[in-house]
Amino acid sequence: MPIFKKKKTAERILPEHIAIIMDGNGRWAKKRALPRTAGHAAGSKKFKEIARYCNKIGLKYLTVYAFSTENWKRPKDEVDNIMKIFKEYLEDTKNFKDENIKLQFIGERSVLDPEIQRLMKQSEEDSKNATGLHLNIAINYGGRDEIVHAVKDIIASGVKADDVTEQMISERLYTSGQPDPDFIIRPSGEYRLSNYLIWQSAYAEYWFSDILWPDFKTSDLEKAIDDFNKRNRRFGGV
Ligand code: FPP
């Protein structure tokens, strides 16, 4: 019979919704004297590893920033390369099939290549009944653009100015029906939100790190979640 009972450690709380800005691909490549395209390929590989890990630990929602409405300003070659990587990911039948991950794409998709749009729709359709991780991939996404769309929709539906509520806006965002992200991770040493989920992240906790996205490990994610557990979330209360 054991004399001492093992002390029970407090249970770790997982955020409900983690949002990641996958930044630093270009600098990762530059450090290795590789083209930026190699950085995006490494970033895409990292994205798959982290998404799978989030599913494994039981995270409910993950949103990753793959391409912003501002990223069109990059050289055409680089934009084409990111779209090619994205298309290859969508075409690869091994990606997340049979892994119980529900895929959703957020952003203005109507301007994307029609074949990419078709593959996006197909992936959403194929995974619609998955009950594991809900994975949002933000592509041609911009937070301000998203809010403008919501406001236009409210006005078009004839709501009087005095009757506009926060809920009406939330319901018209791409993330409608999902819990707001409570934890936002940005690697690569930048301390900005870059138009990412700006409405939804009003009460999120932020975690920044110098690690470049392709170097980001599952142990870094664990470290971030441990830090999240140390935060005292008061939501404006005391
Ligand atoms: C930011 O790093 C990264 C991007 C703008 C592109 C991210 C895209 C991927 C990881 C591939 C997407 C694919 C899938 C399958 C979702 P940066 O280029 O701004 O890096 P830098 O700041 O070091 O230049």
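Refer to the structure above for everything that follows.
The model shown is predicted, which means the values in this text are computed figures rather than measured ones. (Residues numbered from 1 in each chain as written. Predicted model: local features only at pLDDT ≥ 70, side-chain atom pairs only at ≥ 80, totals over all residues. Heavy atoms only, no water.)

Draft legend 1. Just the sheet that holds strand β2 (residues 61-68), in detail. Judged by pairing direction, the sheet is parallel, and its six strands sit side by side in the order β3-β4-β2-β1-β5-β6 without closing on themselves. Unpaired on one side and paired on the other, β3 (102-106) and β6 (205-208) mark the two borders of the sheet. Mean inter-strand twist for the sheet, computed between neighbouring axes without regard to direction, equals 20°. Inspection of the sheet shows strand β5 (residues 183-186) paired to β6 by four bridges, in the parallel sense. Note on β6: the bridge partner recorded for I185 is W207. (Pairing = 2+ DSSP bridges. Helix = DSSP H or I, 4+ residues; strand = E, 2+ residues; numbered from the N terminus. Axes fitted to C-alpha atoms, helices over the stretch in contact; angles between N-to-C directions.)

Draft legend 2. Looking closely at the packing of helix α2 (residues 36-57) against helix α7 (residues 218-230). For the pair α2 and α7, the least separation of the axes is 10 Å and the interaxial angle reads 50°. With respect to α7, the element α2 is oriented oblique. In this structure, α2 meets α7 at a crossing whose hand is right-handed. For the pair formed by α2 and α7, the contact residues are E49, I50, Y53, C54 and I57 on the first element and T218, L221, E222 and I225 on the second. By residue class, the composition of the contact of α2 with α7 is six nonpolar, one polar and two charged. (Parallel < 35°, antiparallel > 145°, perpendicular 65-115°, else oblique. Left-handed = near helix turned anticlockwise from the far one by under 90°. Contact = heavy atoms within 4.5 Å. Nonpolar A, V, L, I, M, F, W, Y, C, P; charged D, E, K, R; others polar.)

Draft legend 3. Geometry of helix α4 (residues 114-126). Taking 1.5 Å of rise per residue, the 13 residues of α4 would be expected to cover 18 Å, and the 18 Å separating its terminal C-alpha atoms lies within 8% of that figure. For α4, the full list of buried residues reads I116, L119, M120, S123 and E124. Each buried residue of α4 lies within a common arc of 135° when the element is viewed along its axis, so the set occupies one face. Away from the buried face of α4 by more than 90 degrees, exposed residues P114 and K121 are located. (Expected span 1.5 Å × (residues − 1). Buried < 20%, exposed > 50% of the residue type's maximum accessible area, 1.4 Å probe, protein only. Arc of directions from axis to C-beta.)

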